[in-house]
Amino acid sequence: MSLHARQYWQLTKPRVVALIVFTAIIGMFMAVPAPGFNSMLPPWRALLFGNLGIWLAASSAAAINHLLDQRIDALMARTSHRPLPTGSLNSRQVLVFAVVLAALSMALLVVFVNVLCAALTFASLIGYAIVYTGYLKRATPQNIVIGGAAGAAPPVLGWLAVTTDHWQHALLLFLIIFVWTPPHFWALAIFRREDYARAMIPMLPVTHGVQYTRWQILYYTILLVLVTLLPYITHMSGLFYLGGALVLGAVFLYYAARLMKPPSEAFAMQVFGYSIWYLMALFAFLLIDHWLLPAATGPALQFVPAG
């Protein structure tokens, strides 16, 4: 990959977008009935073009985030190496790149998936790129809580790319990510609080202090563990998922509790790192429980394809 291509690739925040697409894929597979190893697959158009469209939209939002945050990125050690602060790319190049990605995303989703998925994907793009990055991030220490709705949308988008039937189950996936986002991001914010203070971004550790933020992480982690019980309580998932969710949640609670009096300043980054693996593993348990152990999840749902 050429140097120029690597700069454009960096604009898309590939690691973050990979997690977004992963949760969208889980939403797609959860949307179809799974009677066993001969399970019904999501329609290939939804799998291929739905995920490609969601990936392009998320990448466009990431590029817009680079564009709007270029001033503060230059002030923060974590982001000063990005293409705009270093001058590797200019604002016009980034804007054109973001618009092209967004246009391709909407075209694919409207033509090959369905209008509802396209509309909600576009709303998520605007929610993250404009509402969160352009306004909330600079306006309130609750920025990540409110703005987390955009980041929690991918499993819903994946579900709606396949079917509009039983869409309320998709909202449980949304709720899990929505509640997971604050403890995940605030752990990073604690470690990078001096960066955020230098850039005058009102992240919670900057405005309310580190100890207050640690308490909030603990509270949200407790809430997260409770929320992750809902798929089992509503018969969306079975005992295999429940066991995985409880073990993963117990470890997350251990990290959140230890963060109250951490062994080192770097421990916050260990919490942040675990939170990423936690979400991936939790959604993997959802998929395995639904796909390979369908007898534990109750009767199969009626499937009505979207579009």
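Residues numbered from 1 in each chain as written. Predicted model: local features only at pLDDT ≥ 70, side-chain atom pairs only at ≥ 80, totals over all residues. Heavy atoms only, no water.

> If you had to explain the overall build of the protein chain to someone new, which residues and values would you point to?
Summing up its helical and strand segments, the protein chain has 16 helices and 0 strands in all. Taken along the three principal axes of its C-alpha coordinates, the protein chain extends 55 × 45 × 35 Å. When each of the 307 residues of the protein chain is scored for burial, the buried share is 52%. A sequence separation of at least 24 residues applies to 76% of the contacts in the protein chain between residues at least 6 apart. Per element, the accessible surface of the protein chain, about 13500 Å² overall, is 71% carbon and sulfur. If you average the places of the 16 positive and of the 7 negative side-chain charges in the protein chain, the two averages end up 6 Å apart. (Helix = DSSP H or I, 4+ residues; strand = E, 2+ residues; numbered from the N terminus. Buried < 20%, exposed > 50% of the residue type's maximum accessible area, 1.4 Å probe, protein only. Contact = heavy atoms within 4.5 Å. Areas by Shrake-Rupley, 256 points an atom, 1.4 Å probe, with all protein chains shown as cover. Lys, Arg positive; Asp, Glu negative; His and termini not counted. Charge placed at Lys NZ, Arg CZ, Asp CG, Glu CD.)

> Report on unusual backbone geometry, specifying residues and quantitative values.
Even without a glycine there, the phi angle at Lys13 is positive, about 50°. Counting through the fold element by element, Lys13 comes out in the loop between α1 (3-11) and α2 (14-30). Take Lys13: its relative accessible area is 15%, and that puts it in the buried class. For His235, which is not glycine, the phi torsion reads 65° and is therefore positive. His235 gets classed as exposed once you look at its relative accessible area, which sits at 60%.

> Mind laying out the pattern of salt bridges, listing which residues take part and the relevant values?
Pairing between side chains of opposite charge can happen when the charged atoms of each approach one another. All told, the structure shown has 5 salt bridges when counted by the stated rule. Arg193 serves as the salt-bridge partner of Glu265, at 2.7 Å between the closest nitrogen and oxygen. Here Glu265, found in the loop between α15 (239-258) and α16 (267-292), pairs with Arg193, found in helix α11 (residues 193-198); they are 72 residues apart in sequence, far enough to count as distant. By relative accessible area, Glu265 is classed as partly exposed at 44%. (Salt bridge = Lys/Arg side-chain N within 4 Å of Asp/Glu carboxyl O.)

> For helix α3 (residues 44-68), give the residues involved together with the corresponding values.
With 25 residues, α3 extends 36 Å from end C-alpha to end C-alpha; this agrees with the ideal 36 Å at 1.5 Å per step. Burial within α3 is extensive, with 18 of its 25 residues counted as buried. (Expected span 1.5 Å × (residues − 1).)

> Could you give an account of the environment of Pro155, with specific residues and numbers?
Note that Pro155 resides in helix α9 (residues 154-162). Along the backbone, Pro155 and Met30 are 125 residues apart, and their C-alpha atoms lie at a distance of 9.1 Å. Setting aside chain neighbours within four positions, we find Pro155 in contact with Thr23, Ala24, Gly27, Leu173, Phe174, Ile177 and Phe283.

> So, the nonpolar core: which residues are in play, and what are the values?
If you look at the biggest cluster of nonpolar residues, it comprises 73 residues, and the most contacted ones within it are Ile176, Trp180, Tyr278 and Phe283. In contact with Tyr278, not counting residues within four places along its chain, are Trp180, Leu224, Thr228, Leu248, Gly249 and Phe252. Residues Ala63, Leu67, Val94 and Ala129 belong to the second largest nonpolar core, which totals 13 residues. (Core = buried A, V, L, I, M, F, W, Y, C linked by side-chain atoms within 4.5 Å.)

> Help me get a handle on the confidence of the model for the protein chain, residues and values and all.
Scored by pLDDT, the protein chain has a mean of 91; 92% of the residues are at 70 or more. For the protein chain, α1 is the element with the lowest average pLDDT, namely 89, and helix α13 (residues 210-227) is the one with the highest, namely 98. Residue range residues 295-301 is modelled with pLDDT below 50. Its contacts to residues more than four positions away, or to other chains, number 12 contacts. (pLDDT = per-residue confidence, 0-100.)

> Quick one: what's the story with the side chain of Asn65, residue by residue and with numbers?
Tracing the backbone shows Asn65 in helix α3. Note on Asn65: relative accessible area 2%, which makes it buried. There is a polar contact of 2.6 Å between the side chain of Asn65 and the side chain of Lys13. The contact partners of Asn65, leaving out residues within four places of it in the chain, are Lys13, Arg82, Tyr128, Thr133 and Lys137. (Polar contact = N/O pair within 3.5 Å; in protein donor to acceptor, adjacent residues only side chain to side chain.)

> Now, about the packing of aromatic side chains: what can you tell me, with residues and values included?
Taken as a whole and assessed by the stated rule, the structure comprises 16 aromatic pairs. Between Phe29 and Trp291 the ring centres are 5.2 Å apart and the planes differ by 85°, which places this aromatic pair in the edge-to-face class. Of the two residues, Phe29 is situated in helix α2 and Trp291 in helix α16; the sequence distance between them amounts to 262 residues. We note that Phe29, like Trp291, is buried. Between Phe252 and Tyr274 the ring centres are 5.7 Å apart and the planes differ by 80°, which places this aromatic pair in the edge-to-face class. Residue Phe252 is located in helix α15, and its partner Tyr274 is located in helix α16; the two are separated by 22 residues in the primary sequence. In this pair, the class of Phe252 matches that of Tyr274, namely buried. Among the aromatic residues, those joined into a cluster by ring pairs are Phe252, Tyr254, Tyr255, Phe267, Tyr274 and Tyr278. (Phe/Tyr/Trp six-rings, centres within 6.5 Å; stacked < 30°, edge-to-face > 60°.)

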